[in-house]
Amino acid sequence: GSAYYEALQKRMATGHGDDIFIVDHDTALALSQEGLLQDLSGLDTISELSAPMLDQMEAGGQILWVPTTVSAFGLYCNLDLLKAHGQTVPETLPEWERVCGYFVEQGILPIVANNDISLKTLAIARGFYPLYQSGTQREIFRQIGQGEAALSRYLTDGFSLVQRFIDRGYVDAEKALVTKKTSDDLVEFARGESPFLLTGGWAANRVKEMEPGFAFTVVAYPVLDDGAVLVINPDTRMAVNAESGHVEEAMAFVTHFTQRENIQKFADDQCSFSPLTGGAPSSAAEIQPLVDTYQAGRTVIGSDTHLQIPIWDLTADCAQKLLAGEELEAVMTWLDSQVPAGGAAHEN
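Residues numbered from 1 in each chain as written. Predicted model: local features only at pLDDT ≥ 70, side-chain atom pairs only at ≥ 80, totals over all residues. Heavy atoms only, no water.

(A) Highlighting the overall build of the protein. For the protein, the helix and strand inventory stands at 16 helices and 11 strands. Computed over C-alpha atoms, the radius of gyration of the protein comes to 20 Å, within 12% of the 20 Å expected from 2.2 N^0.38 for 348 residues, which places it in the range of a compact globule. Considering only C-alpha atoms, the protein reaches an extent of 60 × 45 × 40 Å along its principal axes. Classification of the 348 residues of the protein by burial places 55% in the buried group. For the protein, contacts bridging at least 24 residues in sequence account for 73% of all contacts bridging at least 6. Summed over all atoms, the accessible surface of the protein reaches about 14600 Å², with 48% contributed by carbon and sulfur. In the protein, which carries 22 positive and 48 negative side-chain charges, the distance between the mean positions of the two groups comes to 4 Å. (Helix = DSSP H or I, 4+ residues; strand = E, 2+ residues; numbered from the N terminus. Rg over C-alpha atoms; globule rule 2.2 N^0.38 Å. Buried < 20%, exposed > 50% of the residue type's maximum accessible area, 1.4 Å probe, protein only. Contact = heavy atoms within 4.5 Å. Areas by Shrake-Rupley, 256 points an atom, 1.4 Å probe, with all protein chains shown as cover. Lys, Arg positive; Asp, Glu negative; His and termini not counted. Charge placed at Lys NZ, Arg CZ, Asp CG, Glu CD.)

In structure tokens, the structure reads:
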């Protein structure tokens, strides 16, 4: 959660950073700018990582973090509740909105959402997918980071969808604002009162362990008129403190952890994909629908390294502003104001 990254940056700033830690996109961006991340490009296991992951890792001839999973975000579907109401798992946006509209008419909240990853990943999927399909994402992200293009131009469509879901009652805005990711939202979904949940696919095993009393599956976001999009991230990114007094030992540990057999065990346990070339996806039955979308290439990277701005925090802020009742146009204006030339970090 965000509290971890806030604590990490405070520890690093005061010279009390640990030898090895986990970073996300925004934290890695901040710490790398301060020269606090050790170059890992000499690790023996780097060559095992897939080309898409290497593309995300390499920056200025260095590799400052190593992913141990590729996480995916999904739409959890309560199969028993859908069946009881004569509804099916949606495969397109029109189908999803029709099902959500049906449940609203029945007085049932359609979607359980949290205050962090649920709605921002929905917006990213809808907004950035055309860029990935056309292969223009790197150039567009460069333009955004340099202040040559407005971020809102590419995310307004996605956040417009979020606004529509809020306005139509598909999401309880007041409840979502205080619902924590992969904790409160899982408990809410496990009650079996709503057909859908938007959260990380890696939580599938946690939901299963709650013994919810109903069958569920996790599918890619049905946010297109003709299909679904899977939002993924290089995740559980291991980094080494450049100012550590134990760099050699830390590097040895990261090398051990990132060996093929260890990565595969870890990724499978996390209900995630492997970042390795030829790595097998998680065997968890509930997330198998995500595998098909992943292998078909209908993916968007939620926090792409080539977008040199704190995209993960900014999009979460936008979602929270919409949940709090702010107008879409005002939120998009605010978003652009946070991305000056050079992609400087924002302040809340």
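(B) Examining the pairing of strand E9 (residues 227-235) more closely. For E9, a buried count of eight out of nine residues is recorded, marking the element as mostly surrounded by other parts of the structure. The pairing of strand E4 (residues 69-78) with E9 spans five bridges and is antiparallel. Each bridged residue has a counterpart across the sheet, and for phenylalanine 73 the counterpart in E9 is valine 231. In this structure, strand E8 (residues 221-224) lies alongside E9, joined through two bridges in antiparallel fashion. (Pairing = 2+ DSSP bridges.)

(C) View of the packing of helix H6 (residues 117-134) against helix H7 (residues 137-145). Closest axis-to-axis distance for the H6/H7 pair is 8 Å, and the angle between their directions is 125 degrees. In terms of axis orientation, H6 runs oblique to H7. The residues of H7 that touch H6, namely those facing Phe128, Leu131 and Tyr132, are Gln137, Ile140 and Phe141. Partitioning the contact of H6 with H7 into residue classes produces five nonpolar, one polar and no charged. (Axes fitted to C-alpha atoms, helices over the stretch in contact; angles between N-to-C directions. Parallel < 35°, antiparallel > 145°, perpendicular 65-115°, else oblique. Nonpolar A, V, L, I, M, F, W, Y, C, P; charged D, E, K, R; others polar.)

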